[in-house]
2 protein chains.
Amino acid sequence: MAPSVDIRTHAAQPAPAKTHVPLKAAPPTLSPEEALRAKFAHLEHHINSLSRQRAPSPLKDILKFMRIDGMISLAGGLPHPSLFPFDSIHVSTYDSATRMAENPTDIAKVDVCVEKDLAGHSTDLSTALQYGPYNGIQPLMNWMAKFIEHAYHPGYPDWQMIMDGGSTDGWAKVANLLLEDGDNLLVEAHTYPSGQALWIPMGVTAVPIEMDMDGLVPEVLARILDSWDAERLPQRKPKVLYCVPVGQNPTGSTLTAERKQQIYDICVRHDIVIVEDDPYYFMQLPTYRPGGPHALPPPVTDADAFLTSMVPTFLHHDRDGRVIRLETVSKTVAPGFRTGFIVCNPLFQERLARATEVATQAPSGWSQAILCELLHTWGHDGYVRWLAGIRETYAMRRDWICDSIATHFDVDWEDANADGVAVYNKDQNRAALVFRFVPPAAGMFLWLKLDLEAHPAYRRLCAARAPAPEDAWAAAFWRELVVARVLLTPGTYYKPWQGAKAADVPAAPGHAFFRLAFSTTPRDELDEGIRRMAEVFRASWTSV
Amino acid sequence: MAPSVDIRTHAAQPAPAKTHVPLKAAPPTLSPEEALRAKFAHLEHHINSLSRQRAPSPLKDILKFMRIDGMISLAGGLPHPSLFPFDSIHVSTYDSATRMAENPTDIAKVDVCVEKDLAGHSTDLSTALQYGPYNGIQPLMNWMAKFIEHAYHPGYPDWQMIMDGGSTDGWAKVANLLLEDGDNLLVEAHTYPSGQALWIPMGVTAVPIEMDMDGLVPEVLARILDSWDAERLPQRKPKVLYCVPVGQNPTGSTLTAERKQQIYDICVRHDIVIVEDDPYYFMQLPTYRPGGPHALPPPVTDADAFLTSMVPTFLHHDRDGRVIRLETVSKTVAPGFRTGFIVCNPLFQERLARATEVATQAPSGWSQAILCELLHTWGHDGYVRWLAGIRETYAMRRDWICDSIATHFDVDWEDANADGVAVYNKDQNRAALVFRFVPPAAGMFLWLKLDLEAHPAYRRLCAARAPAPEDAWAAAFWRELVVARVLLTPGTYYKPWQGAKAADVPAAPGHAFFRLAFSTTPRDELDEGIRRMAEVFRASWTSV
């Protein structure tokens with residue numbers, strides 16, 4: 001297999017460092033890869049100065065010469081795979097049709113096996129455990145590329161992928177591709193604190209966009225961007241929107257297809273890159289119906305029907321390569337794989353590859369080998385069946401927590417607004433609204449928006465002109481919950497800090513927020529937790 | 001198990017962002033961790049501005065409340081481990097006593113097994129595959145900490161570790177901890193290109209330090225630093241030395257214990273942090289003896305004797321926490337683990353932890369589980385036995401390549417200088433020295449330093465005042481090698497580019513370099529490669 005490398009014209013020189021040379025100053029004859037990237041030149045200005053200056057390591061240049069017929073290579077710096085002290089790996093894996101929601105006691109297993117040499121499996125340990133290209137092993141990339149095409153129907157044909165070490169790593173790489181010191185970043189009004197812990201030290205300031213029960217509000221986004229030049233200059237106009245569009249963390253909200261289209265159109269108009277961090281995508285849940293018990297739906301037999309029942313991704317809406325999708329198996333298979341996939345245009349992909357080569361390289365070979373063979377063993381339909389089973393489990397858990405709230409509080413299902421349904425303390429004749437919530441339509445979180453207007457302690461704080469009365473009230477209330485031995489996550493954790501202390505960021509007047517996760521706690525414990533919470537609410541609202 | 005957390009005094013507030021607050025402005029009462037870090041305050045100014053501004057995510061704060069007795073937590077955002085579709089993993093692993101150098105046909109295997117729940121093994125899949133702290137699973141950290149103490153005897157007691165995704169990732173994290181745009185970085189005169197591909201876009205300039213057969217030369221390092229203020233200001237004086245002290249890539253050179261002590265003392269005097277990237281440490285080879293065949297030494301039975309036979313690490317010389325050691329299993333077990341350990345002082349460790357949480361998090365759970373159980377199954381002595389076996393294999397391969405050079409060239413073993421022994425083309429009566437080399441004392445690389453003085457084409461280039469005649473000559477010679485179907489790595493790849501194009505960096509006058517890897521090529525092929533190389537040398541030196 002001798003590739004057409006002209007060995008007489010390649011100098012033994014490192015590729016010239018591309019420092020300070022604009023990427024579009026390409027040579028007159030473009031390679032196929034360069035021609036593909038040139039199609040996305042309209043997005044090149046989004047690449048930050050660090051990323052612009054990255055150059056490939058010259059060592060990569062030499063790889064193509066290794067493949068010349070009859071070549072004896074003394075050029076590679078690899079350990080010999082015969083010295084990897086492993087013969088084979090067998091992973092006892094659940095049958096993909098297992099309905100975990102039924103809490104089965106006897107689960108059928110399939111053997112997921114990878115051997116040292118390629119022997120009837122999708123990959124081999126000699127390859128997977130060796131140093132390799134940034135995109136790891138080819139059969140895993142091929143499988144995932146097909147799945148992404150099939151599951152999401154990306155809106156343009158030239159999308160590419162790069163492996164990452166899970167979506168936290170993916171977002172760190174994307175932030176370091178796009179963001180500069182002094183940039184403003186569009187985010188949801190309540191946003192993931194670990195993301196902030198990344199961008200704040202980079203000198204990036206969050207611009208929070210108001211949310212309601214359906215996630216971030218397109219009209220608010222449009223208003224902020226349309227009026228930017230008139231109202232916010234000389235602050236730099238945002239170039240990036242970071243969002244969790246499905247089962248958002250912390251609010252659990254999910255953007256509708258219509259909102260996604262509206263947001264996409266606004267982002268085209270204002271030249272915004274959308275980063276779609278979407279770990280809960282396949283955990284889109286059927287609508288919650290008050291009252292139980294809830295029967296399990298019939299098992300999913302049609303993979304296509306399951307996939308098309310999902311709200312389309314931003315990637316599906318994308319026409320010009322401005323969506324960067326973070327694809328992960330952390331919530332659907334296991335977080336420990338630390339293997340994900342960034343889906344983006346070829347221009348961004350190439351720059352991310354240069355950043356990946358000098359840092360993480362490819363993800364763990366064990367993770368890759370097991371994931372690769374797992375997906376080949378289950379197959380496309382099996383994987384979708386497993387996803388459907390996961391969704392079913394979270395639907396059941398979502399029903400548990402909503403049922404518990406209905407049991408221990410007085411929920412007025414008829415009184416629903418953009419913040420959700422009205423909830424009162426039980427047996428108090430609906431004297432005072434205590435919170436609103438939306439039964440989650442995706443993910444693993446339920447979000448309480450507390451109404452403090454009627455709360456005596458809050459009214460005292462306001463009367464005394466206490467600073468940040470909502471935060472002070474929430475801190476005290478959270479301590480009462482802890483004393484009652486029920487732990488919620490304070491909503492203040494999700495405030496975009498905007499580079500200042502969280503305490504300096506104004507709260508929503510008259511409101512406080514708490515996040516409840518329904519993903520892990522067993523049913524009895526979950527119900528007991530909600531019962532304790534209801535007691536604290538009742539005691540607190542009737543205190544003097 | 002109720003830890004002593006005073007639940008009445010902890011506010012439900014994010015930890016205040018530490019932006020712009022110097023790290024040493026610690027509160028008057030220090031926690032034990034803070035007190036430990038305060039012992040290394042003399043190194044605090046080494047932390048760069050990005051790293052200085054990192055703050056913990058508030059979500060980490062809540063973890064301690066989860067452990068309160070009787071607490072029902074709805075605060076975690078974790079998937080339920082019962083939904084990880086795996087029951088157990090079995091890895092068929094080589095017995096640690098296997099002598100791979102004997103090319104055994106029948107290798108004894110041990111079963112390395114991890115089950116979903118903790119059941120007689122060192123760890124379990126429910127933990128390893130879950131989201132976890134940045135330092136992954138505790139038994140692996142414990143094992144490795146003991147090994148590091150035992151193998152290296154670090155020079156001070158308070159060293160700590162943080163997991164990384166292999167040493168490329170480790171170096172990227174360390175560079176982002178210490179280096180700023182505009183910094184100068186001390187490196188070996190020939191250095192690893194992927195490292196450069198990281199630091200050049202960061203605006204860091206390499207200051208190459210001359211090397212000889214024993215690696216970088218302390219006197220040169222001292223001279224450059226002593227004269228910096230007089231000769232190089234306003235260029236910023238370097239604060240960091242990056243080096244590969246054993247089996248250096250590309251030169252294969254190894255620092256002696258004496259040189260390490262000298263270098264360490266110079267670095268103390270000039271307040272330099274030493275980054276010890278040391279993947280080849282356990283591949284320290286017995287001295288090559290010309291002439292064969294070479295018998296295998298008796299197997300290593302005494303683990304301590306093996307460990308103490310190694311040249312001590314920089315970490316061992318370290319008294320004040322200025323050495324950062326990158327520990328890896330990539331060359332001794334398999335690169336695919338993508339799991340390594342940064343050993344450093346607690347002050348640096350805490351800052352690296354903040355950077356890790358928002359990017360890679362812990363390494364792959366599969367990698368961790370398999371490595372953890374492998375190390376517990378083999379045990380300390382077994383692991384050392386495996387390391388000794390790896391060393392033996394590379395010693396054998398080193399002997400192969402040196403024997404081949406002796407066969408196909410005319411080596412004058414008596415004529416050795418700081419660049420190694422003198423080598424001539426065969427049957428040419430030692431008319432012209434063609435290169436010198438040092439039989440490698442460690443690692444997987446052999447480095448040729450070519451002598452071009454007598455080469456007709458080189459003399460013509462010089463006479464014509466061609467620009468960079470050494471590089472032009474080397475590029476042409478490399479192409480001749482490729483035509484003869486033998487691939488070496490050009491020495492030009494390892495030039496510290498210093499932010500400019502490699503071609504702009506002056507070569508060593510009258511010399512060219514090539515790197516030969518002896519780690520992978522089978523013996524026959526290796527010998528044939530050297531034979532082809534010898535033919536190209538002979539033809540080239542006698543051309544007109």
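Residues numbered from 1 in each chain as written. Chains lettered and ligands numbered in written order. Predicted model: local features only at pLDDT ≥ 70, side-chain atom pairs only at ≥ 80, totals over all residues. Heavy atoms only, no water.

If you check an unreviewed UniProt entry, chain A appears there as Pyridoxal phosphate-dependent transferase from Schizophyllum amplum. Listed in UniProt under the heading Sequence similarities (unreviewed entry), the comment for chain A reads: "Belongs to the class-I pyridoxal-phosphate-dependent aminotransferase family." (UniProt positions renumbered as here; feature names shortened; annotations may be inferred.)

Participant: Hey, could you run me through the overall build of chain A in this one?
Facilitator: Summing up its helical and strand segments, chain A has 18 helices and 19 strands in all. Rg of the C-alpha trace for chain A: 26 Å, near the compact-globule value of 24 Å for 544 residues, within the 12% margin. By its C-alpha atoms, chain A is 90 × 65 × 40 Å across when sized along the principal axes. Across chain A, every contact between residues at least 6 apart in sequence was considered, and the portion connecting residues at least 24 apart equals 73%. Per element, the accessible surface of chain A, about 19700 Å² overall, is 53% carbon and sulfur. Averaging the coordinates of the 51 positive side-chain charges in chain A and doing the same for the 64 negative ones gives two points 4 Å apart. (Helix = DSSP H or I, 4+ residues; strand = E, 2+ residues; numbered from the N terminus. Rg over C-alpha atoms; globule rule 2.2 N^0.38 Å. Contact = heavy atoms within 4.5 Å. Areas by Shrake-Rupley, 256 points an atom, 1.4 Å probe, with all protein chains shown as cover. Lys, Arg positive; Asp, Glu negative; His and termini not counted. Charge placed at Lys NZ, Arg CZ, Asp CG, Glu CD.)

Participant: Whenever I open this one, the relation of the copies chain B and chain A confuses me. Can you help?
Facilitator: Least-squares fitting of chain B to chain A yields an RMSD of 0.0 Å, with the transformation described by 0.0 Å of translation along the axis and a rotation of 180°. Put plainly, the chains are arranged around a two-fold axis. Across chain B, the rotation axis passes nearest the C-alpha of B:His90, at a separation of 2.6 Å. The overlap is high: 100% of the interface residues of chain B also sit at the interface in chain A, so the same surface is used on both sides. (Least-squares fit on C-alpha atoms with pLDDT ≥ 70 in both.)

Participant: Just to check I follow, could you spell out helix H18 (residues 523-541) of chain B for this structure?
Facilitator: Given 3.6 residues per turn, any residue in an α-helix points the same way as the ones three and four places further on. The first and last C-alpha atoms of H18(B) sit 27 Å apart over 19 residues, in line with the 27 Å expected at 1.5 Å per residue. For H18(B), every residue scored as buried is listed here: B:Leu526, B:Gly529, B:Ile530, B:Arg532, B:Met533, B:Ala534, B:Val536, B:Phe537, B:Ser540 and B:Trp541. (Expected span 1.5 Å × (residues − 1). Buried < 20%, exposed > 50% of the residue type's maximum accessible area, 1.4 Å probe, protein only.)

Participant: Honestly, the packing of helix H17 (residues 469-483) of chain A against helix H18 (residues 523-542) of chain A in this entry has me stumped. Any pointers?
Facilitator: All names here are of chain A. The contact between H17 and H18 brings their axes to 10 Å, and the two run at 130°. The orientation of H17 with respect to H18, classified from their angle, is oblique. The two elements H17 and H18 meet at a crossing, and its hand is right-handed. Of the residues in H18, those in contact with Trp473, Phe477, Glu480 and Leu481 of H17 are Met533, Val536, Phe537, Ser540 and Trp541. Class assignment for the residues of the contact of H17 with H18 results in seven nonpolar, one polar and one charged. (Axes fitted to C-alpha atoms, helices over the stretch in contact; angles between N-to-C directions. Parallel < 35°, antiparallel > 145°, perpendicular 65-115°, else oblique. Left-handed = near helix turned anticlockwise from the far one by under 90°. Nonpolar A, V, L, I, M, F, W, Y, C, P; charged D, E, K, R; others polar.)

Participant: Explain the interface of chain B and chain A here, please?
Facilitator: Often, the extent of an interface is quoted as the loss of accessible area upon association of its parts. Counting residues at the interface gives 130 residues for chain B and 131 residues for chain A. A per-residue breakdown of the area chain B buries against chain A is headed by B:Ile72, B:Leu74 and B:Leu487, which together make up 8% of the total. The tally of links between chain B and chain A comes to two salt bridges. Between B:Lys109 and A:Asp87 there is a salt bridge whose closest N-O contact spans 3.7 Å. For the side of chain B that touches chain A, the element with the most residues is helix H15 (residues 365-408) of chain B, which contributes 11 residues. Split into classes, the residues belonging to the side of chain B that touches chain A amount to 75 nonpolar, 35 polar and 20 charged. (Buried area = accessible area lost by both parts, 1.4 Å probe. Salt bridge = Lys/Arg side-chain N within 4 Å of Asp/Glu carboxyl O.)

Participant: Is there a simple way to think about the sheet that holds strand S3 (residues 109-115) of chain B in this case?
Facilitator: The strands making up a sheet are joined through hydrogen bonds of the backbone, oriented either antiparallel or parallel. Within the open sheet, the four strands sit side by side as S3(A)-S2(A)-S2(B)-S3(B). Their pairing is antiparallel. Both outer strands of the open sheet, strand S3 (109-115) of chain A together with S3 of chain B, are each paired with one neighbouring strand and no more. Neighbouring strand axes in the sheet, compared pairwise and without regard to direction, differ in orientation by 15° on average. Here strand S2 (residues 86-94) of chain B runs beside S3(B); their pairing, made up of seven bridges, is antiparallel. Following the sheet pairing, B:Ser92 is matched in S3(B) by B:Asp111. Strands strand S2 (86-94) of chain A together with S2 and S3 of chain B of the sheet are contacted by H15(B), whose axis makes an angle of about 145° with S3(B). (Pairing = 2+ DSSP bridges.)

Participant: Would you mind going over unusual backbone geometry with me for this structure?
Facilitator: Glycine aside, residues mostly have negative phi, and peptide bonds are mostly found in the trans state. All names here are of chain B. Residue Pro234 follows Leu233 across a cis peptide bond; omega there is 5°. Cis geometry is found at the peptide bond from Asn249 to Pro250, where omega equals 20°. Structurally, Pro250 is set in the loop between strand S9 (240-243) and helix H11 (257-269). Its identity is not glycine, yet Asn103 carries a phi of approximately 55°, on the positive side. Inspection of the secondary structure assignment puts Asn103 in the loop between S2 and S3. Judged by its relative accessible area of 63%, Asn103 is exposed.

Participant: Please clarify how the environment of B:Pro522 should be interpreted in this entry.
Facilitator: If you trace the backbone, B:Pro522 turns up in the loop between strand S19 (511-517) and H18. The spatial distance from the C-alpha of B:Pro522 to the C-alpha of B:Arg397 is 8.8 Å, given a sequence separation of 125 residues.

Participant: Looking at this structure, how should I read the packing of aromatic side chains?
Facilitator: Residues and elements named next belong to chain B. Inspection of every chain in the model, using the stated rule, returns 68 aromatic pairs over all chains. Relative to Phe282, the ring of Phe147 has its centre 5.9 Å away and its plane inclined at 55°; by these criteria the two rings are tilted. Note that Phe147 is positioned in helix H6 (residues 138-152) and Phe282 in the loop between strand S10 (273-277) and helix H12 (303-308), a separation of 135 residues in sequence. Neither residue differs from the other here; Phe147 and Phe282 are each classed as buried. Considering the side-chain rings of Tyr152 and Phe282, the 6.1 Å spacing of their centres and the 25° angle between planes classify their relative orientation as stacked. Of this pair, Tyr152 sits in helix H6 while Phe282 sits in the loop between S10 and H12; the two residues are 130 residues apart in sequence, bridging distant segments of the chain. (Phe/Tyr/Trp six-rings, centres within 6.5 Å; stacked < 30°, edge-to-face > 60°.)

Participant: Is there a simple way to think about the confidence of the model for chain A in this case?
Facilitator: Interpreting fine coordinate detail is not advised for predicted regions of low pLDDT. In the predicted model, chain A carries a mean pLDDT of 92, and the fraction of residues at 70 or more is 93%. Counted against residues more than four places away or in other chains, residues 1-21 of chain A, with its pLDDT under 50, gives 55 contacts. (pLDDT = per-residue confidence, 0-100.)

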